[in-house]
Amino acid sequence: MEVTPRLTWNEEKSLQKLLGNVSLRLLYKSSVHGNSFGTMLNKCSCQGSTILMVYLPNNVFGIFVLESYPEMSEHLKKPTTSFLLSFQKNKIMEMTAAFFNSTVDLIDNKLRFNFSQVQYVLLRSNTQNIFIPRLLGEKLGLTYDFKSQYTEYEVFRVEGMKDEPGYINRIAGATPHRDSLLAELRAYRPYADLVSEIRILLLGPVGSGKSSFFNSVKSIFRGHLTRQAIVGSDISSITEKYRIYSIKDEKDGKSLPFMLCDSMGLNEKDGVGLCMDDIPHILKGCMPDRYQFNPQKPITPNHPTFITSPSLNHRIHCVAYVFDINSIDNLSFQMLAKVKQVQKEVLKCGVSQVALLTKVNNCNGVLQDNFLQMSESMIYKSQVRDVNMMLGIPKSNILVVENYASEREMDPLQDILILSALKQMTRAADDFLEDLPLE
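Looking up the chain in an unreviewed UniProt entry gives the name Interferon-induced protein 44-like, with the organism given as Sus scrofa. For the record of the chain, the UniProt heading Subcellular location (unreviewed entry) holds the text "Cytoplasm". UniProt's Sequence similarities (unreviewed entry) comment on the chain is quoted here verbatim: "Belongs to the IFI44 family."

Rendered as structure tokens:
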């Protein structure tokens, strides 16, 4: 008889995002096979990597164990890589994970996962209780000693996991590093409080990923995927208005001190795409939000919404040249000439510059295991070198990202690339502000 798992489609997809493109095969279901930990361990030991899902009325807890559970007769085994995760029903699609090494004890009707002397998860089969001490619960967003009855549990074998050294440890480090970047950007303040928020201008060819980058940044701070800016194709630009987007933090709903300015895409043909004569007005802060671009005619001081006396707040503080990383080698002479024409205006205004290379095919291989520097084996090193040569931008300011496009869920590794790029843009903007003349 086929046994139907209780694990939902959304929960399974979240686990696949965390562990890679794996499949989960149900090995044990307590409501069918019995609520005996001894029977469960006998059935599930020597099955490779497994994950135990414990179902409660308002939470689902999971305990992943790399390689195998210990056999029933063995106690306090050598620690194995594992992690504890939680789905909270009152927070849609939110999964929290904490990573540890653990040992497993089975004593009578008690199954205990030991992460440290004071951090553990205790399950009792006779009362169907789960207990998580406060110190461990805080890592999962719980602010108290957690004790509750579970309704049932299931054990799944994790199949298809990457057999790479340190892969699980890399996953284990991704979520805390992403959270650290989020905290740093939430605490960011522009240099010397010279402006209330910095403005970052996204410029680049049609279809390079400018609008998608804004959508990706907004999604991370919102905690779920959102697509406010309409995204175009590689052929025609959807962005016809100049947009100044603020980013709101889902924690308190307040606008963060950085804004992303989205423009019409550059086109290699004259009279198509962003008008070159609009560039100085954008950089100096004369162009208003929602201005309708005219590829053949720039904005003039006679326009009713033209900002005649822009303040430092209105100005652009950092320009990000956005390119599809897979098209760097195919940039036409005409397109490169236009980008250099734009760069000439940017340099004339003294604005800081970075390059943003989008649409990487595999964000997992971009960064080293510490997430701080690019991997020596990254396949896109030649494109980074080409942009460095073309525009003279330091390699430290050439940023590689994979925007959210067709995904339905967030990915910590993808978030790290996007947030690291945004962090470097804020630093570039601060350099511009610091370099301003005293007056």
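(A) The arrangement of the overall build of the chain in detail. Counting its secondary structure elements, the chain contains ten helices and 17 strands. Taken over 439 residues, the chain has a buried fraction of 54%. Within the structure as shown, the chain displays about 20700 Å² of accessible surface, and the carbon and sulfur contribution to it stands at 48%.

(B) Local environment of empty space enclosed by the protein. The tally for this structure, following the rule as stated, stands at one cavity of 30 Å³ or more. Volume-wise, the largest cavity comes out at about 30 Å³. Around the largest cavity sit Arg199, Tyr242, Ile244, Ile282, Gly285, Met287, Ile307 and His314, which together line it. Of the residues assigned to the lining of the largest cavity, the class counts are five nonpolar, two polar and one charged.

(C) Quick look at the pattern of salt bridges. The tally for this structure, following the rule as stated, stands at twelve salt bridges. Glu184 is the salt-bridge partner of Lys423, the closest N and O atoms lying 3.2 Å from each other. One end of the pair, Lys423, is in helix α10 (residues 412–434); the other, Glu184, is in helix α5 (residues 167–186), with 239 residues separating them in the sequence. Exposure remark for Lys423: the relative accessible area of 19% places this residue in the buried category. A salt bridge links Asp289 to Arg290; the nearest nitrogen and oxygen atoms lie 4.0 Å apart. Connected through shared salt-bridge partners, Arg6, Lys29, Glu152 and Glu154 make up one network.

(D) Quick peek at the sheet that holds strand β12 (residues 241–248). One open sheet accounts for seven strands, arranged β14-β12-β13-β11-β15-β16-β17; its pairing is mixed. This sheet does not close on itself; its edge strands, each paired only once, are β14 (291–292) and β17 (398–400). When strand β16 (residues 352–358) meets β17, the two strands line up parallel, connected through three bridges. From the neighbouring strand, Leu357 faces β17, where its bridge partner is Val400.

(E) Layout of the packing of aromatic side chains. Applying the stated rule across the entire model yields eleven aromatic pairs. Between Phe64 and Phe83 the ring centres are 4.9 Å apart and the planes differ by 15 degrees, which places this aromatic pair in the stacked class. Taken together, the positions of Phe64 in strand β3 (residues 59–65) and Phe83 in strand β4 (residues 80–88) put the pair 19 residues apart, joining distant regions of the chain. For the residue pair Phe64 and Phe83, the accessibility class agrees, reading buried in each case. Between Phe221 and Phe258, the ring centres sit 5.9 Å apart and the planes meet at 55 degrees, which makes this aromatic pair tilted. Of this pair, Phe221 sits in helix α6 (residues 210–222) while Phe258 sits in strand β13 (residues 255–262); the two residues are 37 residues apart in sequence, bridging distant segments of the chain. The class for Phe221 is buried, based on a relative accessible area of 0%.

(F) Representation of the pairing of strand β8 (residues 129–132) in the model. Here strand β7 (residues 120–124) runs beside β8; their pairing, made up of three bridges, is antiparallel. The residue bridging Leu123 from the neighbouring strand is Ile130, located in β8. Here β8 pairs with strand β9 (residues 146–149) via four bridges, running antiparallel. Looking across to β9, one finds that Ile132 is bridged to Phe146.

(G) Seen up close, helix α1 (residues 9–19). Taken together, the buried positions of α1 are occupied by Glu11, Ser14, Leu15, Gln16, Leu18 and Leu19. Where α1 ends, the next residue or the one after it, Gly20, has phi of about 100 degrees, a positive value.

(H) Focus on the side chain of Asp415. Examined against the element boundaries, Asp415 turns out to sit in helix α10. In contact with Asp415, not counting residues within four places along its chain, are Arg178, Ile220, Tyr404 and Met410.

(I) The arrangement of helix α3 (residues 37–44) in detail. Of all the residues in α3, the buried ones are Phe37, Gly38, Met40, Leu41 and Cys44. Down the axis, α3 shows its buried residues gathered within 160 degrees of arc, on one side only.

(J) Summary view of the nonpolar core. Counting 89 residues, the largest nonpolar core has Phe213, Phe221 and Tyr242 as its most contacted members. For this core, the element with the most residues is α10, which contributes twelve residues. Beyond its immediate chain neighbours, meaning those up to four positions away, Phe213 contacts Leu202, Leu260, Leu356, Val401, Asn403, Ile418, Ala421 and Met425. Formed by 30 residues, the second largest nonpolar core is a distinct cluster that contains Phe37, Val54, Phe146 and Val155.

(K) Geometry of the packing of α6 against α10. Viewed as axis vectors pointing N to C, α6 and α10 meet at an angle of 105 degrees, and their least axial separation amounts to 10 Å. If you check the angle between α6 and α10, you find them roughly perpendicular. Of α10, the residues touching α6 (which contributes Phe213, Ser216, Val217, Ile220 and Phe221) are Asp415, Ile418, Leu419, Ala421, Leu422 and Met425. Across the contact of α6 with α10, the residue classes tally to nine nonpolar, one polar and one charged.

(L) Representation of the pairing of β7 within the structure. Among the five residues in β7, four count as buried, and that is most of the element. Pairing of strand β6 (residues 110–114) with β7 involves five bridges; the strand directions are antiparallel. Bridging from a neighbouring strand, Phe113 pairs with Val121 of β7. Counting the residues that bridge the hairpin from β6 to β7 gives five residues.

Cut-offs and rules
- Residues numbered from 1 in each chain as written.
- Predicted model: local features only at pLDDT ≥ 70, side-chain atom pairs only at ≥ 80, totals over all residues.
- Heavy atoms only, no water.
- UniProt positions renumbered as here; feature names shortened; annotations may be inferred.
- Helix = DSSP H or I, 4+ residues; strand = E, 2+ residues; numbered from the N terminus.
- Buried < 20%, exposed > 50% of the residue type's maximum accessible area, 1.4 Å probe, protein only.
- Areas by Shrake-Rupley, 256 points an atom, 1.4 Å probe, with all protein chains shown as cover.
- 1 Å grid on protein atoms, 1.4 Å probe; cavity = no way out; pocket = protein on both sides within 12 Å on 5 of 7 lines; lining within 4 Å.
- Points joined across faces, edges and corners; volume = space filled by probe spheres on them.
- Nonpolar A, V, L, I, M, F, W, Y, C, P; charged D, E, K, R; others polar.
- Salt bridge = Lys/Arg side-chain N within 4 Å of Asp/Glu carboxyl O.
- Pairing = 2+ DSSP bridges.
- Phe/Tyr/Trp six-rings, centres within 6.5 Å; stacked < 30°, edge-to-face > 60°.
- Contact = heavy atoms within 4.5 Å.
- Arc of directions from axis to C-beta.
- Core = buried A, V, L, I, M, F, W, Y, C linked by side-chain atoms within 4.5 Å.
- Axes fitted to C-alpha atoms, helices over the stretch in contact; angles between N-to-C directions.
- Parallel < 35°, antiparallel > 145°, perpendicular 65-115°, else oblique.

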